[in-house]
Amino acid sequence: PVTFTLGIRMSAAPRSDRLPRNLFGLLVVYCLASFAHFAHNAEYIALYPNMPAWLDREDVYLAWLAVSAVGLAGGLMWVLGWRVAALVVLGMYGALGLVALAHYTLALCSKHSLAMNLTIWFEAAAGFALAVAAFLQSARGRLATECADA
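Residue numbering note: each chain is counted from 1, following its sequence as written. It should be noted that, the model being predicted, local features are given only for residues of pLDDT at least 70 and side-chain atom pairs only at 80 or more, the latter also being counted only at that level, while totals for whole chains, interfaces and linings use all residues. Where side-chain values are given, they derive from all heavy atoms of the structure, hydrogens and water being excluded.

Caption draft 1: Just the pattern of salt bridges, in detail. A pair is scored as a salt bridge if a Lys or Arg side-chain nitrogen falls within 4 Å of a carboxyl oxygen belonging to Asp or Glu. Taken as a whole and assessed by the stated rule, the structure comprises 2 salt bridges. Taking the shortest distance from any N to any O, the salt bridge between Arg 57 and Glu 43 comes out at 2.9 Å. Taken as a pair, Arg 57 in helix H2 (residues 57–79) and Glu 43 in helix H1 (residues 21–43) lie far apart in primary sequence, 14 residues in all. When the shortest N-O distance is used, the salt bridge between Arg 57 and Glu 58 registers 4.0 Å. Among the charged side chains, a salt-bridge network with shared partners connects Glu 43, Arg 57 and Glu 58. Each helix corresponds to a stretch of at least 4 residues labelled H or I by DSSP, and each strand to a stretch of at least 2 residues labelled E; elements are numbered beginning at the N terminus.

What follows is the structure in structure tokens.
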């Protein structure tokens, strides 16, 4: 293997461009959970308690596109072979799901409807799962590399 100064290892052996199945599955679940929450938030923005008055439906959808761009960048990095960078970015993408919990800084759970609470918690849980899986995949990869070098 050839090692570059950034510590990224590249091998002449062919590697699959596909994400590991568990990581891909969590990526899809988080993307769906994120869209469900953002779409609900956008469509019912006036009903979400204590949301800033300047925030409108279009802003919410634009925010979802910005968040999703992080996940897309992570997927692209994976395809390009930048595995470690991809896992870091995918972990960050998942961690963005925890920002959904910021709704509770504006109002208690009891002030949100059941649908609001479900979409908030679905996004946060799915994002957390993706972030943990990306971290574990990275740790697994580092351990395998260290064992191969020994």
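Caption draft 2: Local environment of H1. Spanning 23 residues, H1 covers 33 Å between terminal C-alpha atoms, matching the ideal 33 Å at 1.5 Å per step. Taken residue by residue, H1 has Leu 23, Leu 27, Tyr 30, Ala 33, Ser 34, His 37, Phe 38, Ala 39, His 40, Asn 41 and Ala 42 as its buried positions. What a helix should span is 1.5 Å times the count of its residues minus one. When a residue's accessible area, from a 1.4 Å probe over protein chains only, is under 20% of the maximum for its type it is buried; when over 50% it is exposed; and in between it is partly exposed.

Caption draft 3: Region of the structure containing the packing of aromatic side chains. Between rings of Phe, Tyr and Trp, where Trp is taken as its six-membered ring, a pair exists when centres lie within 6.5 Å; planes separated by under 30 degrees are stacked, by over 60 edge-to-face, and by other angles tilted. Taken as a whole and judged by the stated rule, the model has 3 aromatic pairs. Look at Tyr 30 and Tyr 93: their rings are 4.7 Å apart centre to centre, the planes differ by 75°, and that puts the pair in the edge-to-face class. In this pair, Tyr 30 sits in helix H1 while Tyr 93 sits in helix H3 (residues 83–96), placing the two residues 63 residues apart along the sequence. The same class applies to Tyr 30 as to Tyr 93, namely buried. A centroid spacing of 5.9 Å and a plane angle of 25° characterise the contact between Tyr 104 and Trp 121, whose relative ring orientation is stacked. Here Trp 121 lies in helix H5 (residues 114–149) and Tyr 104 lies in helix H4 (residues 103–106), a separation of 17 residues in the sequence. Residue class for Tyr 104 comes out buried when judged on its relative accessible area of 18%.

Caption draft 4: Spatial organisation of the packing of H1 against H2. Working convention: axes come from line fits to C-alpha atoms, limited for helices to the stretch in contact. Angles between N-to-C directions cover 0 to 180 degrees. At their nearest, the axes of H1 and H2 sit 8 Å apart, and the two run at 165° to each other. Taken together, the axes of H1 and H2 lie roughly antiparallel to each other. Where H1 crosses over H2, the handedness of that crossing is right-handed. Here H1 contributes Tyr 30, Cys 31, Ser 34, Phe 35, Phe 38, Ala 39, Asn 41, Ala 42 and Glu 43 to the contact with H2, which in turn contributes Arg 57, Val 60, Tyr 61, Ala 63, Trp 64 and Val 67. For the contact of H1 with H2, the class distribution of residues is 11 nonpolar, 2 polar and 2 charged. Roughly parallel refers to an angle under 35 degrees, roughly antiparallel to one over 145, roughly perpendicular to one between 65 and 115, and oblique to any angle outside these ranges. Crossing handedness: left-handed means the near helix sits turned counterclockwise from the far one by under a right angle, and right-handed means the same turn made clockwise. Residues are treated as being in contact if the distance between any of their heavy atoms lies within 4.5 Å. Lys, Arg, Asp and Glu make up the charged group, whereas Ala, Val, Leu, Ile, Met, Phe, Trp, Tyr, Cys and Pro make up the nonpolar group; the residues left over, Gly among them, are polar.

Caption draft 5: How the structure looks around the environment of Leu 27. Take Leu 27: it is sitting in helix H1. Taking the C-alpha atoms as reference, Leu 27 lies 8.0 Å from Gly 94; in sequence the two are 67 residues apart. Setting aside anything within four residues of it in sequence, one finds Leu 27 in contact with Leu 19, Leu 90, Tyr 93 and Leu 130.

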